[in-house]
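Examination of the molecular architecture
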Protein chains: 2
Amino acid sequence: MSRATMKWPWLAIVFVGGVCSAQTPGDFRPASTNVWGAQYPRVDGAGRVEIRVKAPDASAVKLNFWSGPKINMAKRSDGFWTVTTPPLVPGFHYYTLLIDGAEVSDPGSQGFFGGGRQASGVEIPEPGSTYYSIENVPHGQVRGVWYHSSVTETWRHALVYLPPAYDTALAARYPVLYLQHGAGEDETGWVRQGHADFILDNLIAAGACKPMIVVMAYGYARRPGQRPVDFMGKPLGSPEALKAMQDMESVFEDDVTQALIPYIDRTFRTLPDRNHRAMAGLSMGGMQTFQITLDHLDLFSYIGGFSGAGGMLVLAGGKLDPRTDYNGVFADPAAFAKRVHLLWLGVGTAEPPIMRNGLLRLHTSLDAAHIGHVFYQSPGTAHEWQTWRRDLKDFAPRLFR
Amino acid sequence: MSRATMKWPWLAIVFVGGVCSAQTPGDFRPASTNVWGAQYPRVDGAGRVEIRVKAPDASAVKLNFWSGPKINMAKRSDGFWTVTTPPLVPGFHYYTLLIDGAEVSDPGSQGFFGGGRQASGVEIPEPGSTYYSIENVPHGQVRGVWYHSSVTETWRHALVYLPPAYDTALAARYPVLYLQHGAGEDETGWVRQGHADFILDNLIAAGACKPMIVVMAYGYARRPGQRPVDFMGKPLGSPEALKAMQDMESVFEDDVTQALIPYIDRTFRTLPDRNHRAMAGLSMGGMQTFQITLDHLDLFSYIGGFSGAGGMLVLAGGKLDPRTDYNGVFADPAAFAKRVHLLWLGVGTAEPPIMRNGLLRLHTSLDAAHIGHVFYQSPGTAHEWQTWRRDLKDFAPRLFR
């Protein structure tokens, strides 16, 4: 499964003209996302990125920021190809290189799993933002755990963030947020691309959110003998794509409710009830969140959809029918409000129309149905990690109050 | 820093002619090291690997197993290039692709940090081996931790394996093994390439080794303002390379002894004394282990060098002078035996001569100096992870007895 086959329009333009600061040659520094010792990619104070790759025998090399146009790179006499981009908006940006038609990673970048592949990424600093940086505060630990799932009949890997005091306050029990990655990403995304651990560390240190456990699971699942579902090879919003995704979602739903939650509750000092259990996810993870939580309000009472929620409703232009959709949970606003402590939707103002309009439509549909919810819009950001970092920063403090 | 610039001869031939089993087309399955859903690379029962990559406009694509010769791939009419290798020896093998001279990763493979870059890897199953597989036994957890180092003045990341009972046997304290990666790898190598967590899980479950904490640190370090040390760009065994590596080692040594060990001992329920502290490492990590432990016998009493130990002695053809080398710790065999509970050396029988001969020379030098030690030879394996998995399997049960 290659990202090149994706038909998903996560393609808002990230190049911005408005960020102005004088470009000086000495202003470029190796990106924080580089591997040890790599001098390229380099980023300057304006958010420009300079890429360099050795491809002595290639006839064409292009830089492919997934959220912008492809840019031709120029060959130098020493066999290296280079380019400097216009300023990018702050945050984490996936990219690949196209070397004579082969879409590959940049050896100078760390690898990030996105688009169903190992991809490259570059972090553009956001001036003044420290909420997703490692700061001099107590740090939680991210634990890799393996649990056996009777649903998939496999061992599955998850990452679990434990708040800073977990190992010392041994009598304390904690609420749990299940936090899911997007399509083509995996359980490592929220830590490696999103810095969820630092976001939680900083919020907890500031007293802005409750100490909580955050479980980041691998969002793909299939039953024994089932073939991999190639939902990403189908056009976004098409009935085939949604059917394929929903087929997989139903397996993941069983895995979460029958294998993952019981494992987490017997392994960690959780508060194992619906009042202390939240779920959120980005993009595909938001759609999974909607399906899983609204099917299982016995298990969850806090719900977050980050640039993704409601599957067919958002992507296929459907309109919410509160009487019948989601088993009618939206039919009685008062009952819903009593049962669900938080319903939270977020979208970036620069997201592609299909996603932005879908979320807006869901938001207005929920308003029309008198379903209380939070609707957050991330200014100037697209379908990208900077949006989801901001989402988490707004969402987490509202949990378990 | 690109692996292409490495002059290190980790280049023993892994292709083997002796493994025979009938090749049947249906015998090929996606490798366990692939990303979700990727059908290529594929591996058959004989250890053959079939690689496929899309590069429609390339004029030459080569498969580059680091431990074997480069192999030309063949172009198909649909723009994909393919090749099927001869049988490879079981274990984990790094590889890259050369696309018109650009050395890049295979999008179908998970990314593994090796050779100073994100590289591809393929796992060839070893028939009958389960010691490094995930089995139905209690599993420990691998925790990602950040510690602040006053030596580098940075936050540094380490992975820490906690044995299965750590969270339930709350009165228990554990001995600690510090376990280091090789040059060009990082703190993730022992878990992702080596499966150290599964090796420990299985040994502990079988009662074959003591439950212990394993700390896997990031083996590069520089003082504030110091430039990155490009020791890998220099010829192996050259005085410049050894000088550059030793410069870095001295910083890492201070980091381990002044920042990492105190952090681990105040964060986890360790037995914080030399009798319960071991260090081992592979290749460069073995050289670091020798330097750090023999400089600090007040802190360590178990020492392991996996295909690497003793720096100059091993690589530059030097001979051990027990009276003066390593501050004279080898001058008095009886005193050494009393102080050091285990000195362990290992090397694969198929390693490159410089490494194999260096370890053999160190082994015979230690014998001549009457220094008791274990010398383990991994049959048929080269400077590769299969050697180091076997090393850990032999080494860990000897610790803390």
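Residues numbered from 1 in each chain as written. Chains lettered and ligands numbered in written order. Predicted model: local features only at pLDDT ≥ 70, side-chain atom pairs only at ≥ 80, totals over all residues. Heavy atoms only, no water.

**A short note on the packing of helix α3 (residues 239–267) of chain A against helix α4 (residues 284–295) of chain A**
Residues and elements named next belong to chain A.
- At their nearest, the axes of α3 and α4 sit 10 Å apart, and the two run at 60 degrees to each other. Looking at the two axes, α3 sits oblique to α4. Viewed along their axes, α3 and α4 form a crossing whose handedness is right-handed. Counted together, Met245, Gln246, Met248, Glu249, Ser250, Phe252, Glu253, Val256 and Thr257 of α3 and Met284, Met287, Gln288, Gln291, Ile292 and Asp295 of α4 form the full contact between these two elements.
- Of the residues that constitute the contact of α3 with α4, the class distribution is seven nonpolar, five polar and three charged. (Axes fitted to C-alpha atoms, helices over the stretch in contact; angles between N-to-C directions. Helix = DSSP H or I, 4+ residues; strand = E, 2+ residues; numbered from the N terminus. Parallel < 35°, antiparallel > 145°, perpendicular 65-115°, else oblique. Left-handed = near helix turned anticlockwise from the far one by under 90°. Contact = heavy atoms within 4.5 Å. Nonpolar A, V, L, I, M, F, W, Y, C, P; charged D, E, K, R; others polar.)

**Some thoughts on helix α7 (residues 353–368) of chain B**
Residues and elements named next belong to chain B.
- With 16 residues, α7 extends 21 Å between its outermost C-alpha atoms, agreeing within 8% with the 22 Å of an ideal straight helix rising 1.5 Å per residue.
- All of the buried residues along α7 are Met355, Arg356, Gly358, Leu359, Leu362, His363, Ser365 and Leu366.
- Looking one or two places after α7, you find histidine 370, whose phi comes out positive at around 60 degrees. (Expected span 1.5 Å × (residues − 1). Buried < 20%, exposed > 50% of the residue type's maximum accessible area, 1.4 Å probe, protein only.)

**Quick look at the nonpolar core**
- The biggest cluster of nonpolar side chains holds 44 residues, and the ones touching the most others in it are Ile99 of chain A together with Ile99 of chain B.
- Not counting residues within four places of it along the chain, the set of residues in contact with isoleucine 99 of chain A comprises Ala55, Ala58, Ala60, Val61 and Val104 of chain A together with Ile99, Ala102 and Val104 of chain B. (Core = buried A, V, L, I, M, F, W, Y, C linked by side-chain atoms within 4.5 Å.)

**Points about the relation of the copies chain A and chain B**
- Superposition of chain A onto chain B requires a rotation of 180 degrees combined with a translation of 0.0 Å along the rotation axis, giving an RMSD of 0.0 Å. With respect to symmetry, the two chain copies, as superposed, fit the operation of a two-fold axis. Measuring from the rotation axis to each C-alpha of chain A, the shortest distance belongs to arginine 143 of chain A, at 2.0 Å.
- Of the residues that chain A buries at the interface, 100% are likewise interface residues in chain B, meaning the two copies contact each other through the same surface. (Least-squares fit on C-alpha atoms with pLDDT ≥ 70 in both.)

**Some details on the sheet that holds strand β7 (residues 80–84) of chain A**
Residue and element names in this part refer to chain A.
- Spatially, β1-β2-β3-β7-β6 is the arrangement adopted by the five strands of the open sheet, whose pairing is antiparallel. Unpaired on one side and paired on the other, β1 (29–30) and β6 (74–75) mark the two borders of the sheet.
- For strand β3 (residues 49–54) and β7, the ladder comprises five bridges, and the chain directions are antiparallel. Paired with arginine 52 across the two strands is threonine 82, which belongs to β7. (Pairing = 2+ DSSP bridges.)

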